[in-house]
Amino acid sequence: MPHWCKGPACYDMVFLEWDPDIPGMGGLCIGQVFLFFSFIYNNIKYPCALIQWFSKVLDKPDKDTGMWVVQPDYDVDGGLDMDVVHIHSILRGAHLIPVYGHTHLLADIQYTNSLDVFQAYYVNKYINHHAFKITF
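The rules behind each value
Residues numbered from 1 in each chain as written. Predicted model: local features only at pLDDT ≥ 70, side-chain atom pairs only at ≥ 80, totals over all residues. Heavy atoms only, no water. Core = buried A, V, L, I, M, F, W, Y, C linked by side-chain atoms within 4.5 Å. Buried < 20%, exposed > 50% of the residue type's maximum accessible area, 1.4 Å probe, protein only. Helix = DSSP H or I, 4+ residues; strand = E, 2+ residues; numbered from the N terminus. Contact = heavy atoms within 4.5 Å. Pairing = 2+ DSSP bridges. Phe/Tyr/Trp six-rings, centres within 6.5 Å; stacked < 30°, edge-to-face > 60°.

Thoughts on the nonpolar core
(1) Moving on: Residues F15, I30, L96 and V123 are the most contacted members of the largest nonpolar core, which totals 15 residues.
(2) Moving on: Elements that contribute at least two residues to this core include exactly β1 (13–17), β2 (28–41) and β8 (121–123).
(3) Moving on: When residues no more than four places from it in sequence are discounted, the contact partners of V123 are F15, M25, I30, M67, W68, V70, H95, L96 and T135.
(4) Moving on: Listed in part, the 9 residues of the second largest apolar core include V14, V33, I51 and I90.

Put into structure tokens, the structure is as follows:
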């Protein structure tokens, strides 16, 4: 398992530009980056990222919070739905907040596993003005 500064692995969330002609979250996707890499083909270098997809739960933001809700995607075998994308499709970092529900939280939830524990997450548009401007 890779380590960041001798600590646990850190897999950042990002906004990915899906369709630049559709404004706001309609043209964006959310992904969790697992790996940055590049390869050369026909003397052209291709910078890429391995990401897990997160899909929007509804076609509009949550009525109570004004934030979009996303959930992790899985393949037919229950594994992570992952793809390689060109790094230029990454717009910026994203911040997710778990949808906690109505039960008590487990004591062993840490920042390192919180994206593996919950079933859905709010896309935090209040984290900064950049996120606020693009997540309508």
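Structural notes on the pairing of β1
(1) Moving on: Most of β1 is tucked away, with 4 of its 5 residues classed as buried.
(2) Moving on: Of the pairings in the sheet, the one linking β1 to strand β6 (residues 90–94) comprises 4 bridges and is antiparallel in character. The residue bridging L16 from the neighbouring strand is I90, located in β6.

Brief notes about the packing of aromatic side chains
(1) Moving on: If you walk through the whole model with that rule in mind, you get 7 aromatic pairs.
(2) Moving on: Here Y11 and F34 contribute two aromatic rings whose centre-to-centre distance is 4.6 Å and whose plane-to-plane angle is 25 degrees, an arrangement assigned as stacked. On the criterion of sequence distance, the pair formed by Y11 in the segment before β1 and F34 in strand β2 is long-range, its members being 23 residues apart.
(3) Moving on: Seen from their ring centres, Y100 and F118 are 5.5 Å apart, and the 85 degrees between their planes marks the pair as edge-to-face. Here Y100 is found in the loop between β7 (96–98) and α1 (114–117), whereas its partner F118 is found in the loop between α1 and β8, with 18 residues between them in sequence.
(4) Moving on: Linked through ring pairs, F54, Y100, F118 and Y121 together constitute an aromatic cluster.

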